[in-house]
Amino acid sequence: MAFANAAGSAIALVLSASAAQAQETRLPGIVVDGATLSRPVARSAQPAVDPQAAPSAPAEVEDAASADTIGVPLPQVGSAVLGVTGEQLRERQVRTAAEALQSLPGVHVSTNSTPASVTEVRIRGGENNHTLVLIDGVPANDPTSGAYDFSDLSVVDIERIEVIRGAESVIYGSGAVGGVINIVTRSGRGPARVTIATEVGGFGARDLALGASGGSERVWASLAYNARYTDGFNIAPVGSERDKSRLETFAFRGGVQVMPGLVIDGSLRLSRKAGDRDGFDGAPGTLATAVDDGSRFTGNVLLGSIRARWETFGGALVHEFRTTYNETKTTDTDLL
């Protein structure tokens, strides 16, 4: 049997309904742009002005990281759209994307057992494979099952998470019957910076995060590495075996402006995890019970993309070429 996986214990993020509503108010910039969500950008075109008036300054870009995107302002989107920034997640010490999503209305998160086990997200009652997951524009769902395991997605390099609740199959295909979760990582634009963070906690948890980013509007790049280990805990009523797990994530994102209007960028993300799990057994006619055994699972997910975007006629005509890659390998060894 095949599974994907994730890791790490974390502090749950609890937001009230009013707080979630406040997030919608604070993030009016979310837009729908092709197959992804992003912040809007003011185009260079200027509104009509009185010829006798002094010339006005060019429109400013709201978010330099999205300077090559266009889209529809949130008030004009006919869907329920929610968003949360990476800064908000880190302020609340949220460790995984699953913990961030469970605070949003209409989104249900379930974990099979230990933190490293399969973690599923359902939107408005749909199944896990009814939700399309995009990471930097790359469809991350398992090509075989159509589902995505959120247990291996940390928030170390996440810039923002955007959620469209409700069927979006017309735009995104049959995998978006329940909704769309779009995850945008740091682009690298901005002053050069290096980050190092380490943590230890209960159940033998150890966490190490390394990051480096920087660049201008011409060239930019971001690198991130995150390793998380835990000794786990025992869920079986008999026995004392702890179910250990580990997760390692490497991420790269960068780009270059070849000439005015032409941008080439790309991303690469590799997640590797492994963990122990219990088996389940029971007498005929009774509920299955967790039993200590040597069963294990592994999961490797490789996502990549390259995009070329060329704007002509002042952005009125946009040509875009994108190629994406998704390789998901999972194994499960059942020794019971």
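Residues numbered from 1 in each chain as written. Predicted model: local features only at pLDDT ≥ 70, side-chain atom pairs only at ≥ 80, totals over all residues. Heavy atoms only, no water.

**Details of the overall build of the protein**
Each helix and strand in the protein was counted, giving four helices and 18 strands. Counting across all 336 residues of the protein, residues that qualify as buried make up 45%. The contacts of the protein with a sequence gap of at least 6 include a subset with a gap of at least 24, amounting to 64%. (Helix = DSSP H or I, 4+ residues; strand = E, 2+ residues; numbered from the N terminus. Buried < 20%, exposed > 50% of the residue type's maximum accessible area, 1.4 Å probe, protein only. Contact = heavy atoms within 4.5 Å.)

**Here we look at the sheet that holds strand β17 (residues 296–312)**
Strands belonging to one sheet form pairs held by backbone hydrogen bonds; the direction of such a pair is parallel or antiparallel. What the seven strands build is an open sheet, ordered β10-β11-β12-β13-β14-β17-β18; its pairing is antiparallel. Strands with a single pairing partner mark the edges of an open sheet, and in this sheet they are β10 (190–201) and β18 (317–333). With strand direction ignored, the average angle separating the axes of adjacent strands in the sheet is 5°. Where strand β12 (residues 219–230) lies against strand β13 (residues 245–259), 12 bridges are found, and the strand directions are antiparallel. Residue pairing in the sheet places A224 in a bridge with A251 of β13. (Pairing = 2+ DSSP bridges. Axes fitted to C-alpha atoms, helices over the stretch in contact; angles between N-to-C directions.)

**Considerations on a nonpolar patch on the surface**
Where nonpolar side chains cluster on the molecular surface, the patch consists of V219, V256, V258, M259, I264, I306 and W310 and spans about 580 Å² of accessible area. Among the elements of the structure, β13 and β17 are those that each provide at least two residues to the nonpolar patch. Looking at the nonpolar patch element by element, the count peaks at three residues for β13. Summarising the element assignment, M259 is placed in strand β13. (Patch = residues over 30% accessible without salt bridge, like charges linked within 9 Å, V, L, I, M, F, W, Y side chains within 5 Å. Areas by Shrake-Rupley, 256 points an atom, 1.4 Å probe, with all protein chains shown as cover. Salt bridge = Lys/Arg side-chain N within 4 Å of Asp/Glu carboxyl O.)

Shape descriptors only; they carry no functional weight alone.
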